[in-house]
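Single-letter residue listing:
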Amino acid sequence: MIGFNALIIVSVIYVIFLFAIAFFADQQAARGRLGWLQSPIVYTLSLSIYCTAWTFYGAVGYAARSGLEFVTIYLGPTLIMIGWWGIVRKLVRIGRTQRITSIADLISSRFGKSNLLGVLVTLLAVIGSTPYIALQLQSVTLSYAVFANESGTGTEAIDLNSTAFWIAVGLILFTVLFGTRNLDANERHHGVVTAIAFEAVVKLVALLAVGVFVVWGVANGPSDILARIDASPIAEWDLRPGRWAGLIFLSAAAFLSLPRMFQVMVVENADERAVATASWAFPLYLMLMSLFVVPIAVVGLELMPKGANPDLFVLTIPLSMGQDKLALLSFLGGFSSATSMVIVAAIALSTMVSNHIVMPIWLAVTSKGATVSGDVRQVVLIARRCSIAAVLGLGYAYFHYSGGGSALAAIGLISFTGVSQVLPALLGAIFWRRATRHGAALGLIVGFVVWCYTLFLPSIGGATLISPEMLEHGPFGIGWLRPQALFGVVGLDPVIHAVVWSMLLNSLVFCTVSLMTFPNPLERLQGMQFVNVFEHSANARGWSGNAAGAEDLLVMSQRILGPNQAQRLFQTIAQKQGKAGLLPDPSVDFLEQLERELAGSVGAATAHAMVAQITGGASVSVEDLMAVADETAQIMEYSSKLEEKTDELERTARQLGEVNTKLTELSVQKDAFLGQISHELRTPMTSIRAFSEILRDVQDMTPDEQRHHASIIHDEALRLTRLLDDLLDLNVLENGQVALNIEQTNLYDVIERSLAAALSAVESETLSVVRSIDQEQIMIATDGDRLAQVFINLINNARKYCDHAEPKLEVQVCLRENCVEIDFRDNGTGISQADQNLIFEKFSRLTDHHSAGGAGLGLAICREIMTNLKGSIDYLPGQNGAAFRVKLPLK
Amino acid sequence: MAKTVLLIEDEPNIREAIRFILSREGWNVETHSDGQTAFERTKEVRPDVVILDVMLPNRSGYEILQDLRGFTETETLPILMLTARGQTKDRELAERFGASRFMTKPFSNTEVLESVRELVGS
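What you see is a predicted model; the values in this text were computed from it and never measured. (Residues numbered from 1 in each chain as written. Chains lettered and ligands numbered in written order. Predicted model: local features only at pLDDT ≥ 70, side-chain atom pairs only at ≥ 80, totals over all residues. Heavy atoms only, no water.)

Draft legend 1. Seen up close, the overall build of chain B. Scanning chain B for helices and strands turns up 5 helices and 5 strands. The order of helices and strands in chain B, counted from the N terminus, is β-α-β-α-β-α-β-α-β-α. By the burial criterion, 51% of the 122 residues in chain B qualify as buried. Counting contacts in chain B only where the partners sit at least 6 residues apart, residues at least 24 apart contribute 59% of the total. (Helix = DSSP H or I, 4+ residues; strand = E, 2+ residues; numbered from the N terminus. Buried < 20%, exposed > 50% of the residue type's maximum accessible area, 1.4 Å probe, protein only. Contact = heavy atoms within 4.5 Å.)

Here it is as structure tokens:
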């Protein structure tokens, strides 16, 4: 007889053994020896957390009560796994490519990273799972109680509550230790998974051992057992197709939707190919688990006294037959079933709670946000650990306050139904691009409410929440709202009733609202990535760093950091890792450091996307791409600013160039001016010198000759004087230093005076002047002498250059609103268009008329005078002769 | 036989002065004020010396100099350049284009006479 204390010791030793397994596996994984840890068998065994204590103990009880119906619970998952190609493979691929950490994460990230959806799914999962965790605690506690009874200790001697409490504490310890040892980017827990796989073996062996004992130890082999089954009341089970179909659907839905199943099936999956193995191995496991259920139930019903709990037959049969060791094995099987489920559920739920509830709140409260990565990691770890404790604490509290009664037995299916509300959103997420977050959220809420109303509250809340009257007649006497006969549908089993209505309304709302609303851009992109995941992800290779990856990283880093810096970085890290050569192992630390280094050059988002692309085989997420786009936009903005600057610089350079050209031109002009002056001065001086030398040296000249030479000298001297006068005058005018004598002047007088000065009596006969004397009678405030100088110049030009046989000069005065125009027009050939631009420049003598005696300064002086008089002088083109217009302001 | 000087100069008083000086010493002087006609005449007359002003209407003295040096008949013809601008740049241009001698106005009469003599003698 095994004493209660011995049982405790065995349990503790078993738990220590599990710790050792988990620790060993973690060590192996940390050293990169993943080999057998990633084997498909370990993956398949880890899926066995589907078989909880409820199935380990409960299946026999279920069979004892309802016959073969318990098989439905196994059939659903079997169908899903056999049809793995359809759903599970896609979920696994999405999980890997999108770095999905939980089912809540999958739903929220598919629907445009909607945290509301994450919170909804998390709440649903916690509410649905808490009673289930309580159920596991209860089953372990009950199994202790069975041993205590057998050994005569008496139930009263052990406190069921404190047992459950210490079990919960132990589970928290284990889960915190191995579930949150580190923050792996992929949320994989090799230690935990390995321990669970071991427990899967233990529970299978235990159940098979009890079965073998029953068939060959108690009965006389298979034929005897078959006969006993035929004789037992179980044989008379009635197969209700509707209920069976409903239960198979429910178990299949729960298999996909349960957070802990998602954790082992998708998140912990290291290699997609393992799913193919599990597709036949897991159904095989389920088949073996159910193989002896009916024999055990039949034998138990025969052997055990009436009223014995059939849920505990697996334990009580060996005990009653004195098979202590077998009972102990059986106990460990049940213990394994319960603990493995609780551990994984706690990990999955804590991930969801911390990621979707705690962290958003923490980030919102600490407005500074997550800038230091190490800091946040610490916070995340603490949040995880607290969430684990909270989830298990909630389970214990539920166990404690629900009194641990038989009500818990029904929890399994109720919990399944609640958790399955995620299914429409989940399937929509991976198969229907048109699905929107509004549809998903409202569908979830409606499904959840219907589930609460029709199943959860009536079964669990007891009479306090849903009174028997309400169950019977509906709220406020509204018949069609009866919780277990919604819309007047009567006669259905409450579970099936709830499944039908909740799933139907959930799906209906999900589809309708999705069609009525429009997905935002992020949702649409994520939807495309999820639904078409096989087109967007390259291949099925698992995430495992290797040398080739490191080399790719080096190639990329060299491009960004430059060869020297990249090689130095890689070598330093390789040395730190104790490796020779340039290529370090692509550990998480190394990748993070590399990302930081690259981020300095290309921005954090781009760096992350590049590293992820090379190492993970994980395709770049939409958020990554958007962040990259943001960075690119910033860079473009920066470069457009640079461009503006460049434009500005170019403009300045061009302006400088223009100024420089102008200065060069001015310098050339100055040189030309000096050359001109030199020429104009030296030419008369040449004549003067030559003739004076002739006069000095030549003796035999006639007096006429002498006079002629002397007169040339005289003319040239006058020409020199005139030139100097003009130059000085021009200089004074140009510098604006001229002293003007402004007074009221009659225009007629000025013209009269000018004509008299310019034309001698003889000349006035050759050049006929046409005037309009009446118009000339205008009084102007101006410098009459300077104006006359201009007029004289113009009259002289006409006299000198007009080449008509009968030269004529027309002087026309025209009074305008603000000014008076005086036109001088002759009847010669005029000035060519090209020369019209030059005539006002200095030394722009156009013809070779030395007799004219000017140096080409006349018009330049005229222009300067008119500028000083606030008027202007212009050449008038198209007048059949040379024409100038002098304009004077009237005020 | 009297030697011929072809003078190309647009300033009438200077033309007259040079003609007076050279004629008195027995030179045959033909004068032109326009560059283009002077160029044509030079090829016909085959003077012994050409006196060429730089600043001429229509075509500059440098252009005429270049043209004259471009023909075999006038390739080695002695050419005396006169300029009133007197900048070093002008002297350089004259040398480059092949002037035999270069003088800046105003000049002394004996200087002109001696230069012409030397150019013909050489």
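Draft legend 2. Examining the overall build of chain A more closely. Tallying secondary structure elements over chain A gives 36 helices and 7 strands in all. Across the 891 residues in chain A, those meeting the buried criterion constitute 51%. A separation threshold of at least 6 residues defines the contact pool for chain A, and within that pool the share at least 24 residues apart is 78%. Split by element, the accessible area of chain A, about 40100 Å² in all, is 60% carbon and sulfur. (Areas by Shrake-Rupley, 256 points an atom, 1.4 Å probe, with all protein chains shown as cover.)

Draft legend 3. Layout of the side chain of Arg69 of chain B. Residues and elements named next belong to chain B. Turning to its location among the elements, Arg69 is positioned in helix α3 (residues 61–69). The side chain of Arg69 sits in the buried core without any salt bridge; Glu75 is the nearest counter-charge, 8.3 Å away. At 2.7 Å, the side chain of Arg69 forms a polar contact with the backbone oxygen of Leu77. Sequence-distant contacts of Arg69, that is, excluding residues within four places in its chain, are made with Thr74, Glu75, Thr76, Leu77, Ile79, Phe97, Gly98, Ala99 and Ser100. (Lys, Arg positive; Asp, Glu negative; His and termini not counted. Salt bridge = Lys/Arg side-chain N within 4 Å of Asp/Glu carboxyl O. Polar contact = N/O pair within 3.5 Å; in protein donor to acceptor, adjacent residues only side chain to side chain.)

Draft legend 4. Structural view of the nonpolar core. Residues and elements named next belong to chain A. Residues Leu47, Val88, Leu91, Leu106, Ile107, Leu256 and Leu426 are the most contacted members of the largest nonpolar core, which totals 160 residues. Considering each element in turn, this core owes the most residues, 17 residues, to helix α17 (residues 324–365). The contacts of Leu91, once residues within four sequence positions are left out, are Leu106, Leu256, Phe262, Val266, Leu426 and Ile430. In terms of nonpolar packing, the next biggest core, distinct from the first, is built from 46 residues, Ile751, Ile822, Tyr875 and Phe884 among them. (Core = buried A, V, L, I, M, F, W, Y, C linked by side-chain atoms within 4.5 Å.)

Draft legend 5. Focus on the interface of chain A and chain B. Across the contact, 26 residues belong to chain A and 22 residues belong to chain B. Both sides of the chain A and chain B interface together cover about 2100 Å² of buried area, and 56% of this is carbon and sulfur. When the buried surface of chain A facing chain B is broken down by residue, His679, Arg682 and Thr686 of chain A rank first, second and third, together holding 25% of it. Counting across the chain A and chain B interface gives 2 salt bridges. Residue Arg719 of chain A is joined to Glu11 of chain B by a salt bridge in which the shortest nitrogen-to-oxygen separation is 2.5 Å. Joining chain A to chain B, the criterion identifies 11 residue pairs in polar contact (both at pLDDT 80 or more). Those elements that place two or more of their residues in the side of chain A that touches chain B are α30 (622–697) and α31 (703–734) of chain A. A per-element tally of the side of chain A that touches chain B places α30 of chain A first, with 15 residues. A class-by-class count of the residues in the side of chain A that touches chain B yields 7 nonpolar, 10 polar and 9 charged. (Buried area = accessible area lost by both parts, 1.4 Å probe. Nonpolar A, V, L, I, M, F, W, Y, C, P; charged D, E, K, R; others polar.)

Draft legend 6. Layout of the sheet that holds strand β2 (residues 768–771) of chain A. All names here are of chain A. Here we have 5 strands laid out as an open sheet, ordered β2-β4-β5-β7-β6, and mixed in their pairing. The open sheet has two free edges, formed respectively by β2 and β6 (872–875), since each of these has just one partner strand. Direction aside, neighbouring strands of the sheet carry axes that sit 15 degrees apart on average. Pairing geometry for β6 and strand β7 (residues 883–889), over 4 bridges, is antiparallel. Its bridge partner being in β7, Ser872 is matched across the sheet by Lys887. Across the face of the sheet, helix α32 (residues 747–758) comes into contact with β2, β4 (808–815) and β5 (819–826) while running at roughly 175 degrees to β2. Relative to β7, helix α34 (residues 784–801) is tilted by about 170 degrees, and along the sheet it contacts β4, β5, β6 and β7. (Pairing = 2+ DSSP bridges. Axes fitted to C-alpha atoms, helices over the stretch in contact; angles between N-to-C directions.)

Draft legend 7. Highlighting unusual backbone geometry. A cis geometry characterises the amide bond from Lys105 of chain B onward to Pro106 of chain B, with omega recorded as -5 degrees. Although it is not a glycine, Asn880 of chain A sits at a positive phi angle of roughly 55 degrees. Checked against the element boundaries, Asn880 of chain A lands in the loop between β6 and β7. Residue Asn880 of chain A is classed as exposed on the basis of its relative accessible area of 71%. A positive phi angle, near 50 degrees, is found at Arg46 of chain B, a position not held by glycine. With respect to the helices, strands and loops of the structure, Arg46 of chain B is situated in the loop between α2 (35–45) and β3 (49–53).

Draft legend 8. Quick look at the packing of aromatic side chains. Residue and element names in this part refer to chain A. Considering all chains together, one arrives at 21 aromatic pairs over all chains under this definition. For the pair Phe791 and Phe824, a centre-to-centre distance of 5.1 Å together with 50 degrees between the ring planes defines the contact as tilted. Taken as a pair, Phe791 in helix α34 and Phe824 in strand β5 lie far apart in primary sequence, 33 residues in all. Across the pair, Phe824 and Phe791 agree in class, each one buried. Counting every residue linked through ring pairs, the aromatic cluster contains Tyr14, Phe17, Tyr144, Phe198, Phe331 and Phe335. Here Arg110 stacks its cationic end above the ring of Phe111, 4.6 Å away from the centre of that ring. Between Arg260 and the ring centre of Tyr132, over which it is positioned, the NZ or CZ distance is 4.8 Å. (Phe/Tyr/Trp six-rings, centres within 6.5 Å; stacked < 30°, edge-to-face > 60°. Lys NZ or Arg CZ within 6 Å of the ring centre and 35° of its normal.)

Draft legend 9. Spatial organisation of helix α23 (residues 494–516) of chain A. Relative to the 33 Å expected for 23 residues at 1.5 Å per residue, α23 of chain A spans 32 Å between its end C-alpha atoms, a close match to the ideal helical length. When we look at burial in α23 of chain A, the residues that qualify are Val495, Ile496, His497, Ala498, Val499, Trp501, Ser502, Met503, Asn506, Phe510, Val513 and Ser514 of chain A. (Expected span 1.5 Å × (residues − 1).)

Draft legend 10. Just empty space enclosed by the protein, in detail. Residue and element names in this part refer to chain A. Scanning the entire structure with this criterion turns up 4 cavities of 30 Å³ or more. Considering only enclosed or pocket space, the second largest cavity measures out at about 90 Å³ in volume. Considering the residues around the second largest cavity, the lining is formed by 10 residues, among which Gly95, Arg96, Ile100, Arg188 and Val267 are closest to the centre. For the lining of the second largest cavity, the secondary structure elements donating two or more residues are α6 (88–97) and α13 (259–267). No other element matches the 3 residues that α6 contributes to the lining of the second largest cavity. Among the residues making up the lining of the second largest cavity, the classes are represented as 4 nonpolar, 3 polar and 3 charged. (1 Å grid on protein atoms, 1.4 Å probe; cavity = no way out; pocket = protein on both sides within 12 Å on 5 of 7 lines; lining within 4 Å. Points joined across faces, edges and corners; volume = space filled by probe spheres on them.)

Draft legend 11. The arrangement of the sheet that holds strand β4 (residues 79–83) of chain B in detail. Residues and elements named next belong to chain B. The strand order β2-β1-β3-β4-β5 describes an open sheet built from 5 strands, whose pairing is parallel. Edge positions in the sheet fall to β2 (28–32) and β5 (101–104), since each of these pairs with one other strand and no more. Averaged over all pairs of adjacent strands, the angle between their axes in this sheet comes to 20 degrees, without regard to strand direction. Examined bridge by bridge, β4 and β5 share 4 bridges and lie parallel to one another. The partner of Thr83 across the bridge, within β5, is Thr104. Here helix α4 (residues 88–96) sits on the sheet and contacts β4 and β5; the angle it forms with β5, its principal contact strand, is near 160 degrees.

Draft legend 12. Spotlight on a negative patch on the surface. A cluster of like negative charges, contributed by Glu643, Glu644, Asp647, Glu648 and Glu650 of chain A, occupies part of the molecular surface. Tracing the backbone through its elements, the reader meets Asp647 of chain A in helix α30. (Patch = residues over 30% accessible without salt bridge, like charges linked within 9 Å, V, L, I, M, F, W, Y side chains within 5 Å. Charge placed at Lys NZ, Arg CZ, Asp CG, Glu CD.)

Draft legend 13. Quick look at the confidence of the model for chain A. On average, chain A scores 80 in pLDDT, and the residues at 70 or more come to 84%. Below pLDDT 50 for its whole length, residues 538–548 of chain A participates in 21 contacts with residues either more than four positions away or in separate chains. (pLDDT = per-residue confidence, 0-100.)

Draft legend 14. The pairing of β7 of chain A, seen in detail. In this sheet, β7 of chain A lies alongside β5 of chain A in antiparallel orientation, the contact comprising 7 bridges. Each residue of the ladder has a partner; that of Arg825 of chain A, found in β7 of chain A, is Ala883 of chain A.

Draft legend 15. View of the packing of α13 of chain A against α17 of chain A. Residues and elements named next belong to chain A. Taken N-terminus to C-terminus, the directions of α13 and α17 make an angle of 90 degrees; their axes are 8 Å apart at the nearest point. When the axis of α13 is compared with that of α17, the two are roughly perpendicular. Residues Pro259, Arg260, Gln263 and Val264 of α13 form the contact with α17, whose participating residues are Met341, Val344, Ala345, Ile347, Ala348, Leu349 and Met352. (Parallel < 35°, antiparallel > 145°, perpendicular 65-115°, else oblique.)

Draft legend 16. Here's a closer look at the environment of Ser143 of chain A. Residue and element names in this part refer to chain A. With respect to the element layout, Ser143 can be found in helix α8 (residues 115–150). Here Ser143 falls in the buried class, since its relative accessible area comes to 1%. Residues Ser143 and Leu312, 169 residues apart in the sequence, show an inter-C-alpha distance of 7.6 Å. Here Ser143 is in contact with Tyr57, Leu315 and Phe331, once residues within four sequence places are set aside. Polar contacts involving the side chain of Ser143 include one to the main-chain carbonyl oxygen of Val140, which spans 2.6 Å.

Draft legend 17. Up close: the pattern of salt bridges. This model, assessed by the stated rule, comprises 25 salt bridges over all chains. With a closest N to O distance of 3.0 Å, Glu25 of chain B and Arg117 of chain B form a salt bridge. With a gap of 92 residues between them, Glu25 of chain B in the loop between α1 (12–24) and β2 and Arg117 of chain B in helix α5 (residues 109–121) connect regions that are remote in the sequence. Taking relative accessible area as the criterion, Arg117 of chain B reaches 41% and is therefore assigned partly exposed. The network of salt bridges with shared partners includes Glu810, Arg816, Glu821, Asp823, Arg825 and Arg885 of chain A.

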